Amino acid sequence: MTTSFAERFRLPKAGRTDEAHGQAPPPPPRPTREEAEDAVRTLLAWAGDDPSRAALAETPRRVAEAFLEYFEGYHHDPIALLQGSTFENASAYDDIVMLRDVRFTSYCEHHVSPFQGHAHVAYIPDGPIVGLSRIARVVEVLAHRLQTQENLTSQIAAAIDSALKPRGVAVLLEAEHSCMSARGIRHAGVATITTQFSGLFATDDARANRFLMLARGGQGSER
Ligand SMILES: [Zn+2]
């Protein structure tokens, strides 16, 4: 029995889930805002500072608010976003549709530290086409969750595959991880590249190579 691409890389629904695979357990109750701010105070003290000093008085509130922005992606469903903006493919266009250099910031699920880079995302329609800005928005929604670059890459591809049932999807992410540049081995300037191909991009080397060639034309590859 073969499993579809979307099944292999099952997308977490909006809301907290346990990874991209298997059944998601019911999420724990959401802490209160006050509990979140207390947790920030604890981390500030753990870092060695005094959370009661005047300059840090508003920091827990700001960090809690920043978390709402960093992780706003949990409150949006990427498949619904795509399906909410599809159009009839009137001229039966059947070649690569690609967004190059979609900038993103995501957060590593191991250290909650940012990783930043560019996404190149392509699909080959089979029927409906989708509003291009929605593809960029899907990158943003999935990036604004705790991620690994590998999961982010396959989840972007799975969302498009599942929502549009296209003839192929290709995703290439190139990012620098601050958990690698600012801590641990402290290697700056290392690019991590991940790719995920489905459908025609997975079976047809010529298409995959065209995608890679188009992606190389982007700013993300010039540095
Ligand atoms: Zn990390």
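Rules used in this analysis
Residues numbered from 1 in each chain as written. Predicted model: local features only at pLDDT ≥ 70, side-chain atom pairs only at ≥ 80, totals over all residues. Helix = DSSP H or I, 4+ residues; strand = E, 2+ residues; numbered from the N terminus. Buried ≥ 20, exposed ≤ 12 C-beta atoms within 10 Å, placed from the backbone. Contact = placed C-beta atoms within 7 Å. Expected span 1.5 Å × (residues − 1). Arc of directions from axis to C-beta. Axes fitted to C-alpha atoms, helices over the stretch in contact; angles between N-to-C directions. Parallel < 35°, antiparallel > 145°, perpendicular 65-115°, else oblique. Left-handed = near helix turned anticlockwise from the far one by under 90°. Pairing = 2+ DSSP bridges.

I keep staring at the overall build of the protein and nothing clicks. Help me out?
Per the secondary structure count, the protein includes 9 helices and 7 strands. Considering the protein as a whole, with its 223 residues, one finds that 30% of them fall into the buried category. In the protein, of all internal contacts separated by at least 6 residues, the share reaching a separation of at least 24 is 71%.

I'm lost on helix α9 (residues 205-216) in this one. Help?
The α-helix advances 3.6 residues per turn, and as a result positions three or four apart in sequence lie on the same side. The end-to-end C-alpha separation of α9 is 16 Å, in line with the 16 Å expected for 12 residues at 1.5 Å each. Taken as a whole, α9 has its buried residues at R207, F211 and A215. Looking straight down α9, one finds that the buried residues subtend no more than 75° of arc, so they occupy a single side. Turned more than 90 degrees away from the buried face of α9 sit D205, A206, N209 and M213, all of them exposed. Tucked inside the fold, the buried residues of α9 contact β2 (97-108), β3 (114-124), β6 (168-177) and α8 (200-203).

How do you make sense of the packing of helix α2 (residues 33-47) against helix α3 (residues 59-70) when you look at a structure like this?
Each pair of packed helices gets described by two things: the angle between the helix axes and the distance between those axes. One can describe the packing of α2 onto α3 by two numbers: an axis separation of 8 Å at closest approach and a directional angle of 115°. Classified by the angle between their axes, α2 and α3 sit roughly perpendicular to one another. Our pair here, α2 against α3, has a crossing hand that is right-handed. Of α3, the residues touching α2 (which contributes R33, A36, E37, V40, R41 and L44) are T59, P60, R61, V63 and A64.

So what exactly am I meant to see when it comes to the pairing of β3 here?
Counting buried positions along β3 gives 9 out of 11 residues, so the element sits mostly inside the fold. Two strands pair when backbone bridges link them, and β2 and β3 are joined in this way by 9 bridges, in the antiparallel orientation. Within β3, the residue paired with T105 across the bridge is Q116. Between β2 and β3, which pair antiparallel one after the other, the connecting turn spans 5 residues, and V112 there sits at a positive phi close to 50°. Pairing of β3 with β6, which is carried by 10 bridges, proceeds in the antiparallel orientation. Across the sheet, Q116 pairs through a bridge with E176, a residue of β6.

Would you take a moment to explain the environment of A208 for this structure?
Its location among the elements puts A208 in helix α9. Along the backbone, A208 and V169 are 39 residues apart, and their C-alpha atoms lie at a distance of 9.7 Å. Those residues in contact with A208 that lie beyond four places of it in its chain are A170, F197 and F201.

I would appreciate a short explanation of the sheet that holds β3 in the present structure.
Sheet strands pair via backbone hydrogen bonds, and the direction of the pair is either parallel or antiparallel. Strand order in the open sheet made by the 5 strands is β5-β2-β3-β6-β7, with mixed pairing throughout. At either margin of the open sheet sits one strand with a lone partner, and together these are β5 (146-147) and β7 (192-199). Helix α5 (residues 132-143) contacts β2, β3 and β5 of the sheet and is inclined by roughly 20° relative to β2.

What is the right way to look at unusual backbone geometry in this model?
In most cases, non-glycine residues show a negative phi, while peptide bonds are predominantly trans. Positive phi is not limited to glycine here, since V112 has a value of about 50°. Position of V112 relative to the elements: it lies in the loop between β2 and β3. For V112, a count of 12 C-beta atoms within 10 Å corresponds to the exposed category. At K165, a position not held by glycine, the phi torsion is positive, near 45°. Here K165 shows up in the loop between α6 (149-164) and β6.

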